[in-house]
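Okay, here's what each chain looks like letter by letter:
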Amino acid sequence: MNGSRIAAVGHYQPAKVLTNEDLAGLVDTNDEWIRSRVGIRTRHIAGPDEPVDELAAHAAAKALAAAGLGPADIDLVLVATSTAVDRSPNMAARVAARLGIPSPAAMDVNVVCAGFTHALATADHTVRAGAATRALVVGADKMSEVTDWSDRTTCVLVGDGAGAAVVEAADVPGISPVLWGSVPEMGHAVRIEGQPARFAQEGQSVYRWATTQLPPLARKACERAGLEPADLAAVVLHQANLRIIEPLAQKIGAVNAIVAKDVVNSGNTSAASIPMAFSKLVEQGEISTGDPVLLFGFGGNLSYAGQVVRCP
């Protein structure tokens, strides 16, 4: 085998929906203020009895079913998350236990909002090297649990959910080389820290970086795939803010691409945002098998990672 591909995807969101009108009853805000600044209308919020690994397992089970595979077919589980409460067992081991995966390598990847694209690249490298046959890659976060619900600058942004992909060996590579890196001196711009842990960010700093520095990085990711941005069928960026997402496709040069805008209905779900938005595009038939799609995550640390994948 010369590479790997995404065989199937899946996603899951909790049933509870929190609207902008609901938030107006908690903090000094309103629907117009939220939509004009971040473009979000609703978000899904997990209950106290819905831990991160449960969200992840639901999404992973859907991806496995879509691939026509069972738990025993998986030998690597990677879970990207930054909202794990416990240190051990890690989220990957808990997801494997929930699904009955018999003896996988099980690792968590904490790169916050760029976690899924880092984990996807790791799975690609591992399968290419022959160290795994099939990998289950999940992005899952329960941002509601690390949010100060009295802070209107952050509570209007967040949501909970999970997205997953099954990665397997392929004769024709369906996952292109990753373009990844970080800006360590800007690590303070997005934080989940303290006791209890709380999400905070310097919104203007992230906005300026994303709108000025991300486009050339995304174009380099396309170069590594041997494609021009105009060849892309879809662009799935980290769903941070609609005001960041909307102009970026034009700046990247993806003039013919569908641009994922799941942030409108789901909010910022951190590591879950890219696989969840990608899965919805597949499920809704907006992209077709074999279509080239740019996935690009950015955020905490300040880290970034992007690659072009072929739609399953």
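Residues numbered from 1 in each chain as written. Predicted model: local features only at pLDDT ≥ 70, side-chain atom pairs only at ≥ 80, totals over all residues. Heavy atoms only, no water.

Participant: Just to check I follow, could you spell out the environment of Val259 for this structure?
Facilitator: Within the secondary structure, Val259 is located in strand β12 (residues 258–259). Taking the relative accessible area as the measure of exposure, Val259 reaches 19% and is therefore buried. Taking C-alpha positions, Val259 is 36 Å from Arg87, a pair spaced 172 residues apart along the chain. If sequence neighbours within four positions are ignored, Val259 has contacts with Val235, Ile245 and Ala249. (Helix = DSSP H or I, 4+ residues; strand = E, 2+ residues; numbered from the N terminus. Buried < 20%, exposed > 50% of the residue type's maximum accessible area, 1.4 Å probe, protein only. Contact = heavy atoms within 4.5 Å.)

Participant: Would you explain the nonpolar core in this entry?
Facilitator: In summary, soluble globular proteins display a tendency toward joint burial of nonpolar side chains. Among the nonpolar cores identified, the biggest contains 50 residues, and Trp209, Leu214, Leu232, Leu237, Leu294, Phe296 and Phe298 are the most heavily contacted of them. Among the elements that line this core, the one with the most residues is helix α7 (residues 203–224), at eight residues. Residues within four places of Leu294 in sequence aside, it is in contact with Ala218, Ala221, Leu232, Ala234, Val235, Val236, Ile252, Gln307 and Val308. Counting residues in hydrophobic clusters, the runner-up holds 32 residues, among them Ala123, Ala271, Ile287 and Cys311. (Core = buried A, V, L, I, M, F, W, Y, C linked by side-chain atoms within 4.5 Å.)

Participant: Can you walk me through the sheet that holds strand β1 (residues 3–12) in this structure?
Facilitator: The pairing of strands in a sheet happens through backbone hydrogen bonds and is either parallel or antiparallel. With mixed pairing, the five strands of this open sheet are ordered in space as β1-β7-β6-β4-β5. In the strand order of this sheet, the two ends are held by β1 and β5 (105–109), each with one partner. With strand direction ignored, the average angle separating the axes of adjacent strands in the sheet is 20°. Summarising the sheet, β1 and strand β7 (residues 160–170) pair through nine bridges and their orientation is antiparallel. Note on β7: the bridge partner recorded for Val9 is Ala165. Its contacts with the sheet place helix α5 (residues 115–128) against β1, β4 (76–80), β5, β6 (134–142) and β7, and it is angled at close to 160° to β4. (Pairing = 2+ DSSP bridges. Axes fitted to C-alpha atoms, helices over the stretch in contact; angles between N-to-C directions.)

Participant: Can you help me understand the side chain of His238 in this one?
Facilitator: Its place among the elements puts His238 in the loop between β11 (234–237) and α8 (242–252). Given a relative accessible area of 1%, His238 falls into the buried group. Once residues lying within four places of it in the same chain are set aside, the contact partners of His238 are Cys113, Ile245, Asn268, Ser270, Ser273, Ile274, Phe296, Gly297 and Phe298.

Participant: Is there a simple way to think about α8 in this case?
Facilitator: Owing to its 3.6 residues per turn, the α-helix aligns residues three or four sequence positions apart on the same side. The set of residues buried in α8 consists of Leu242, Ile244, Ile245, Leu248, Ala249 and Ile252. Seen from one end, α8 has its buried residues packed into an arc of 155°, which puts them on one side. Packing partners of the buried residues in α8 comprise α2 (31–38), α7, β11, β12, α9 (263–266) and β13 (292–298). Near the N-terminus of α8, the side chain that reaches the backbone nitrogen of Arg243, with its oxygen 2.7 Å away, is that of Asn241. (Arc of directions from axis to C-beta. Polar contact = N/O pair within 3.5 Å; in protein donor to acceptor, adjacent residues only side chain to side chain.)

Participant: How should the sheet that holds strand β8 (residues 179–182) be read in this particular structure?
Facilitator: The strand order across the open sheet formed by five strands is β8-β14-β13-β11-β12, and the pairing between neighbours is mixed. Each edge of the open sheet carries a strand with a single partner, namely β8 and β12. Running over the sheet, α8 touches β11, β12 and β13 and is turned about 135° from β11. Helix-sheet contacts for helix α10 (residues 273–283) involve β11, β12, β13 and β14 (303–310), and the interaxial angle to β11 is about 150°.

Participant: Whenever I open this one, the packing of aromatic side chains confuses me. Can you help?
Facilitator: Here a ring pair, both rings aromatic, is described through the centre-centre distance and the interplanar angle of the planes. Counted by the stated rule, this structure contains three aromatic pairs. For the pair Phe296 and Tyr304, a centre-to-centre distance of 6.4 Å together with 10° between the ring planes defines the contact as stacked. When sorted by exposure, Phe296 lands in the same class as Tyr304, which is buried. Pairwise contacts between aromatic rings join Trp209, Phe296, Phe298 and Tyr304 into one cluster. The ring centre of Trp33 lies 4.4 Å from the NZ or CZ of Arg152, which sits over that ring. (Phe/Tyr/Trp six-rings, centres within 6.5 Å; stacked < 30°, edge-to-face > 60°. Lys NZ or Arg CZ within 6 Å of the ring centre and 35° of its normal.)

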